[in-house]
Amino acid sequence: ESLSFILQNSESARNGMMKLLRGVTPDMPNLQFRTQQTEQLTKRSIRPDMLGYNESGTRVFIENKFEAGLTDNQPASYIEQLAKYSQPTVLLVVVPEVREETLWGELNRRLKVANIVATDWKTTSGSIVHSVKTGNGPILALTSWTRLLSALEDEVTEDKSAKSDLLQLQALCEAADRNAFIPISSAV
């Protein structure tokens, strides 16, 4: 919610997010961001933590992880839903630094189980730790809270309110990082 609030209320922070996303795929249009919107699938629904959208529809799902494991829908159902939208689309997973490798391994394992082909994807964003392009179109990318907030902070130097909000979120993320454990099983 805090990240969404910052992106909704600060054009400079939103520009930082767009710079990060365009480092994943340069053709990403300008987006707005909102949280907890349910997306209806054929037999079930998914609820990304945040989504990026414009007048032509959804382009980005952002999953914000701290201690929680992946849900049964992640990442396969999210990738399948994003494949239905105009391309390019991105599923961005944001995690504490200590969980980057463990969660990336689990995300890739689940793509294989779901028979979703994934090939390495080169990004121009130094904030993205890992990324793959899926066979059905969407890109799956992973970054840490530290890298994401640093990318936004680089853009809000003149926006004192956004800078203050980012510092508060950064303190929360640092506390979560210090106390993080590394679950890989599904959330209960």
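Quick note: structure is the one above.
Below, the structure is looked at part by part. (Residues numbered from 1 in each chain as written. Predicted model: local features only at pLDDT ≥ 70, side-chain atom pairs only at ≥ 80, totals over all residues. Heavy atoms only, no water.)

## Some words on the overall build of the protein
Stated precisely, the cut-off is as follows: In DSSP terms, a helix is any run of H or I states spanning at least four residues, a strand is any run of E spanning at least two, and both are numbered starting from the N terminus. Accessibility here uses a 1.4 Å probe with only protein chains present; expressed as a share of the type maximum, an area under 20% marks a residue as buried, one over 50% as exposed, and anything in between as partly exposed. Only the protein chains shown count as cover for residues, and the accessible areas themselves come from Shrake-Rupley with a 1.4 Å probe.
A count of helical and extended segments in the protein gives six helices and nine strands. Of all 188 residues assigned to the protein, the portion counted as buried reaches 49%. Carbon and sulfur atoms make up 47% of the accessible area of the protein, which amounts to about 9000 Å² in all.

## Considering the nonpolar core
Quick reminder of the rule: Residues enter a nonpolar core if they are buried and are Ala, Val, Leu, Ile, Met, Phe, Trp, Tyr or Cys, with the set joined through side-chain atoms within 4.5 Å. A contact between two residues is defined here by any heavy atoms of the two lying within 4.5 Å.
With 31 residues, the main nonpolar core has Leu3, Met17, Leu21, Phe33 and Leu92 as its most contacted residues. Listed by contribution, the elements that provide at least two residues to this core are helix H1 (2–9), helix H2 (11–24), strand S5 (57–64), strand S6 (90–95), strand S9 (139–144), helix H5 (145–153) and helix H6 (160–178). At six residues, the largest contribution of residues to this core is made by H2. Contacts of Phe33, omitting those with residues within four sequence positions, involve Ser4, Leu7, Gln8, Arg14, Met17, Met18, Leu21, Met50, Leu51, Gly52, Tyr53 and Ile62. Phe61, Leu70, Leu107 and Leu142 belong to the second largest nonpolar core, which has 19 residues in total.

## Things to note about the sheet that holds strand S7 (residues 118–120)
This is how the line gets drawn: By definition, two strands form a pair when at least two bridges between them are found by DSSP. For every element, the axis is a line fit to its C-alpha atoms; helices are fit only across the contacting stretch, and the angle between N-to-C directions ranges from 0 to 180 degrees.
Read from one edge of the open sheet, seven strands run S1-S4-S5-S6-S9-S8-S7, paired in mixed fashion. Every other strand in the sheet has two partners, leaving strand S1 (32–35) and S7 as the edge strands with one partner each. With direction set aside, neighbouring strand axes in the sheet form an average angle of 25°. Bridge analysis of S5 against S6 gives five bridges, and the strand direction is parallel. Directly across from Val60, in S6, lies its bridge partner Val90. The strands touched by helix H4 (residues 100–113) are S6, S7, strand S8 (130–134) and S9; relative to S9, the strand with the most contacts, the crossing angle is about 165°. Strand contacts of H5: S5, S6 and S9, with the helix running at about 90° to S9, the strand carrying the most contacts.

## Re the packing of aromatic side chains
Rule in force here: Planes of paired rings set the category: under 30 degrees apart is stacked, over 60 is edge-to-face and the rest tilted, where pairs are Phe, Tyr or Trp rings (Trp by its six-membered ring) whose centres lie within 6.5 Å.
Summed over all chains, the structure comprises two aromatic pairs. Relative to Tyr78, the ring of Phe61 lies with its centre 5.7 Å away and its plane at 80°, an arrangement referred to as edge-to-face. Here Phe61, found in strand S5, pairs with Tyr78, found in helix H3 (residues 76–82); they are 17 residues apart in sequence, far enough to count as distant. On the accessibility criterion, Tyr78 (3% relative accessible area) is buried. Residues Phe66 and Trp145 carry aromatic rings whose centres are separated by 5.0 Å and whose planes lie at 5° to one another, so their mutual orientation is stacked. You can see Phe66 sitting in the loop between S5 and H3 and its partner Trp145 sitting in helix H5, a full 79 residues away along the chain. On the accessibility criterion, Phe66 (25% relative accessible area) is partly exposed.

## Focus: the layout of surface pockets
Basically, it comes down to this: Points on a 1 Å grid over protein atoms alone make up a cavity when a 1.4 Å probe fits among them but cannot get out, and a pocket when they form an open set with protein on both sides within 12 Å along at least five of seven lines; lining residues each have an atom within 4 Å of a point. Grid points are joined across faces, edges and corners, and a volume is the space filled by probe spheres set on the points. Note on residue classes: Ala, Val, Leu, Ile, Met, Phe, Trp, Tyr, Cys and Pro are nonpolar, Asp, Glu, Lys and Arg are charged, and everything else, Gly too, is polar.
The computed volume of the largest pocket comes to approximately 220 Å³. Taken together, 13 residues make up the lining of the largest pocket; nearest its centre are Glu1, Ser2, Asn64, Phe66 and Trp145. Sorting the residues of the lining of the largest pocket by element identifies H1 and H6 as the ones contributing at least two each. Per-class residue counts for the lining of the largest pocket are six nonpolar, five polar and two charged.

## Remarks on H2
Keep this limit in mind: Here a helix's expected span is defined as the number of its residues, less one, multiplied by 1.5 Å.
In a regular helix each residue adds 1.5 Å, so 14 residues correspond to 20 Å; H2 covers 20 Å between its end C-alpha atoms and thus fits that length. A large share of H2 lies buried, amounting to 10 of its 14 residues. Buried residues of H2: Ser12, Ala13, Arg14, Gly16, Met17, Met18, Leu20, Leu21, Gly23 and Val24, and no others. Residues of H2 that are buried sit in contact with H1, S1, S5, S6, S9 and H5.

Note that every value here comes from positions in space, so none of it alone points to a role or purpose.
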